[in-house]
Every structure is written in structure tokens, then in C-alpha cells.
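Geometric and topological summary
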Amino acid sequence: MFYIIMTMFIGVGAGYLLRRVKVLSHIGKAISLTIYVMLFFLGVKIGTNEQILRNFSTLGLQALLLAVAGAAGSIAAASLVYRFFFKKKEGR
């Protein structure tokens, strides 16, 4: 886990240093495509796992609860970040 977090921080640093490079402004589409492909192959892997499919009703409910809680937490955190860092004050 440490390596994943460090890799992200190194990427943030590289992005900060390379923020003026025009080519990198179009990287969002490539990232989205990569995520779609990875999700597809994750689905293929889950579809071939007999144990997951047998226990899907139990695992599905737990996964749904975790996904909803994670999404709600992300929305709340993003809302706070937007409010405190990006929203312009009305008097300005």
C-alpha cells in the first residue's frame, strides 16, 4: 500500500512540474479509456470465478453498501474541498 501512495505522490509532483506541457492536457481521454479497459477485464475475472458467482448474493450486498458509502464519502469530501478552496466568496 505504501508503494501505491508513494507512486501517486510522485505522479502529483511530476504533474505539477509538467503542468505547462500542452500534450498532457489531453491525457484525460487516455486515462478514461484505460480505466474502462481495466474495469472490463476485472468483470471478466469476476465472471470466471466460480466462488464469487456462488456467493454473489451475499458479496453483492456488501459490495453495494461499500460502494454507496465510498461514493457518499467522496461526494462529501469533494463538496468540502470545493467550498473551502474553489468557491468564490460573494463579496469578491
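Naming follows an unreviewed UniProt entry, where the chain appears as LysO family transporter of Candidatus Cryptobacteroides faecavium.

1. Examining the overall build of the chain
Looking only at helices and strands, the chain has 4 helices and 0 strands in total. Written out in order from the N terminus, the α and β elements of the chain read α-α-α-α. Computed over the C-alpha atoms, the radius of gyration of the chain is 19 Å, more than 25% above the 12 Å expected from 2.2 N^0.38 for a compact globule of 92 residues. Taken along the three principal axes of its C-alpha coordinates, the chain extends 55 × 35 × 25 Å. For the chain, with 92 residues in total, the buried portion stands at 0%. Of the roughly 9,000 Å² of accessible surface on the chain, a fraction of 73% belongs to carbon and sulfur atoms.

2. A short note on the packing of aromatic side chains
Counted under the stated rule, the structure contains 2 aromatic pairs. Ring centres of Phe2 and Tyr3 lie 6.1 Å apart, and the angle between their planes is 65 degrees; on these two criteria the pair is classed as edge-to-face. Of note, Arg19 hangs over the ring of Tyr16, and the distance from its end group to the ring centre comes to 3.9 Å.

3. Comments concerning the UniProt feature "transmembrane region" (unreviewed entry) in the chain
Annotation from UniProt places "transmembrane region" (unreviewed entry) at residues 27-44 and 64-86. Taken end to end, residues 64-86 is 100% helix and 0% strand, and its two terminal C-alpha atoms sit 31 Å from one another.

4. Thoughts on the environment of Ser57
With respect to the helices and strands, Ser57 occurs in helix α4 (residues 56-86). Assessed through its relative accessible area of 63%, Ser57 is described here as exposed. As for Ser57 and Lys45, which are separated by 12 residues in sequence, their C-alpha atoms are 18 Å apart.

5. Quick look at the environment of Gly73
By secondary structure assignment, the location of Gly73 is in helix α4. Distance in space between the C-alpha atoms of Gly73 and Leu33 is 25 Å, their sequence separation being 40 residues.

6. So, the environment of Gly60
Its place among the elements puts Gly60 in helix α4. Sequence-wise, Gly60 and Ala77 are 17 residues apart; in three dimensions their C-alpha atoms are separated by 25 Å.

Criteria and cut-off values
Residues numbered from 1 in each chain as written. Predicted model: local features only at pLDDT ≥ 70, side-chain atom pairs only at ≥ 80, totals over all residues. Heavy atoms only, no water. Helix = DSSP H or I, 4+ residues; strand = E, 2+ residues; numbered from the N terminus. Rg over C-alpha atoms; globule rule 2.2 N^0.38 Å. Buried < 20%, exposed > 50% of the residue type's maximum accessible area, 1.4 Å probe, protein only. Areas by Shrake-Rupley, 256 points an atom, 1.4 Å probe, with all protein chains shown as cover. Phe/Tyr/Trp six-rings, centres within 6.5 Å; stacked < 30°, edge-to-face > 60°. Lys NZ or Arg CZ within 6 Å of the ring centre and 35° of its normal. UniProt positions renumbered as here; feature names shortened; annotations may be inferred.

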